[in-house]
Amino acid sequence: MDSDATIPDGAQLRAAREAAGLSLSALSARTHYSKPLLGLLETGQREIHPEHVSAYAQALGVGSALFVEPDDGEQAAAEWIHRVAASDLGGDTLDRLELSVDDLAAAYSTTPPSELLVRIRQHLGYAGRLMDSRKTLPQHRRLLVIVGWLSLLASTCHIDLGESSAAAARGHLAWKLADEAGHPEIAAWCLETRAWHQLTNGEYAAAAELSRVAQARAPEGCSAFIQATAQEGRALARLGDSKGTYSALRRVARLVSGLNTPERPEHHFRYDPAKSDAYVATTLAWLGDPAAEAYARHVLADLASAATVRPRRIASANLDLGLALVAADKPDEAANVALAAVTSGRLVPSNYWRVSEVVSGIEDRDAADAMTIREAFRDTYPI
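Calculation notes
- Residues numbered from 1 in each chain as written.
- Predicted model: local features only at pLDDT ≥ 70, side-chain atom pairs only at ≥ 80, totals over all residues.
- Heavy atoms only, no water.
- Helix = DSSP H or I, 4+ residues; strand = E, 2+ residues; numbered from the N terminus.
- Buried < 20%, exposed > 50% of the residue type's maximum accessible area, 1.4 Å probe, protein only.
- Contact = heavy atoms within 4.5 Å.
- Areas by Shrake-Rupley, 256 points an atom, 1.4 Å probe, with all protein chains shown as cover.
- pLDDT = per-residue confidence, 0-100.
- Salt bridge = Lys/Arg side-chain N within 4 Å of Asp/Glu carboxyl O.
- 1 Å grid on protein atoms, 1.4 Å probe; cavity = no way out; pocket = protein on both sides within 12 Å on 5 of 7 lines; lining within 4 Å.
- Points joined across faces, edges and corners; volume = space filled by probe spheres on them.
- Nonpolar A, V, L, I, M, F, W, Y, C, P; charged D, E, K, R; others polar.

Draft legend 1. Region of the structure containing the overall build of the protein. Summing up its helical and strand segments, the protein has 19 helices and zero strands in all. Residues classed as buried in the protein amount to 49% of the 383 residues present. In the protein, 64% of the contacts between residues at least 6 apart in sequence involve partners at least 24 apart. Accessible surface, the protein as shown: approximately 18,400 Å² in total, 51% of it carbon and sulfur.

In structure tokens form, the structure reads like this:
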């Protein structure tokens, strides 16, 4: 700090700390000064020296000196404009980070969740360091949105891995960041992701309600709105609500009619119209509709001929077909496709219950085939 710089008084130190949202304890943790000493400085009971001001400035992330608003209104306004426009971030830093978020979201469907989570954490660590740098207000919001998407994707991976507490914590963080950044689509995706989590836990009524709340929160027609509508249909199918299920399927069909394939269709947070048939197959299989078999076969044929191989989608479609074949009293073929899904090695813990459902249906007709699938499951997914 320059020797001729103005030394703020205790009240100004306290105002700067409170404006940053820090308690005395939090500030003490960021400096080498004790909480009692900081309290004495802020109440004017201890003389303030330049090193104290520098410690506050560094802890509050305001550069080399603590900003004290001038008494002159015009000068104060001019200095605030300068601070809002000033930034320690390079011009393309946030651009690169946003592209990385898209890359991670696109990798979701082909990358094991444990591996993807490591990469997400690395980016969150980098974003956390950027939080401590000086930023403009627009940059601050962009960074909040980036961390929101990363936290939401991390929550999704935790759900896949069966780590419910971590999933809930990450999802709550994404929700808070969406609220602070004023980003309704992230908020809607948070609700949709919670709905899916509830569905995998067998809480179908809660999943249906969360899906409806997500639709109400999402901007009309956005990817989160479509996905939440499809999620509602799946939850209602598990509840045996045929009327509600078919209504949701019709709404999704209208929403995706004429919808263009996104530039990166594998992106987890961008709805790909090609997903529609897969969701229909799952929903009809869960409802016990005989049409599920034809839909599931169609989905598998499309996936087999696609330029990009999507092993997790193929495994999921095989489970849909297996369940439909059980309902159609075709246990031998059901066992074959269920075995293919299991031995693919692409199932995640959030899918395991679906395997159990298909195997239980096969067991009623062929105990030997059911045992073969169970043994393959134990060999492929040691728990």
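Draft legend 2. Inspection of the side chain of Thr 282 at higher detail. With respect to the helices and strands, Thr 282 occurs in helix 14 (residues 275-287). Beyond its immediate chain neighbours, meaning those up to four positions away, Thr 282 contacts Arg 234, Asp 320 and Arg 354.

Draft legend 3. Inspection of the confidence of the model for the protein at higher detail. In this model, the protein carries a mean pLDDT of 88, and residues with pLDDT of at least 70 account for 90%. Taken element by element, the predicted model of the protein shows its lowest mean pLDDT in helix 5 (residues 73-85) (60) and its highest in helix 11 (residues 204-217) (97).

Draft legend 4. Up close: the pattern of salt bridges. Applying the stated rule across the entire model yields 16 salt bridges. Note that Arg 312 and Asp 160 form a salt bridge whose closest N and O atoms lie 3.2 Å from each other. Residue Arg 312 is located in helix 16 (residues 311-327), and its partner Asp 160 is located in helix 8 (residues 137-160); the two are separated by 152 residues in the primary sequence. Each of the two residues, Arg 312 as well as Asp 160, counts as buried. A cluster of three or more residues bridged by salt bridges with shared partners is formed by Glu 209, Arg 212, Glu 232 and Arg 251.

Draft legend 5. Summary view of the environment of Tyr 108. Relative to the helices and strands, Tyr 108 resides in the loop between helix 6 (93-107) and helix 7 (113-131). On a C-alpha basis, the gap between Tyr 108 and His 268 in space is 6.5 Å, while along the polypeptide they are 160 residues apart. Beyond its immediate sequence surroundings of up to four residues, Tyr 108 is in contact with Leu 116, Leu 153, Thr 156, Cys 157, Asp 160, Trp 196, His 268 and Arg 312.

Draft legend 6. Focus on unusual backbone geometry. The backbone of Asp 329 shows a phi angle near 60 degrees, a positive value even though the residue is not glycine. Within the element layout of this structure, Asp 329 appears in the loop between helix 16 and helix 17 (331-343). On the basis of relative accessible area, Asp 329 is assigned to the exposed category, the value being 52%.

Draft legend 7. Broad picture of empty space enclosed by the protein. Per the counting criterion, the structure on display carries two cavities of 30 Å³ or more. Lining the largest cavity are 32 residues, with Tyr 108, Arg 234, Tyr 279, Arg 313 and Ser 316 positioned closest to its centre. If you list the elements that add at least two residues to the lining of the largest cavity, you get helix 8, helix 10 (184-200), helix 12 (223-238), helix 14, helix 15 (292-305), helix 16 and helix 18 (352-363). In terms of residue count, the dominant contributor to the lining of the largest cavity is helix 10 (six residues). Across the lining of the largest cavity, the residue classes tally to twelve nonpolar, eleven polar and nine charged. Counted as a void, the second largest cavity has a volume near 40 Å³. For the second largest cavity, the full set of lining residues is Ala 230, Leu 249, Val 252, Ser 276, Tyr 279, Val 280 and Thr 283. Those elements that provide at least two residues to the lining of the second largest cavity are helix 13 (242-256) and helix 14. Ranked by the residues each element gives to the lining of the second largest cavity, the list is headed by helix 14, at four residues.

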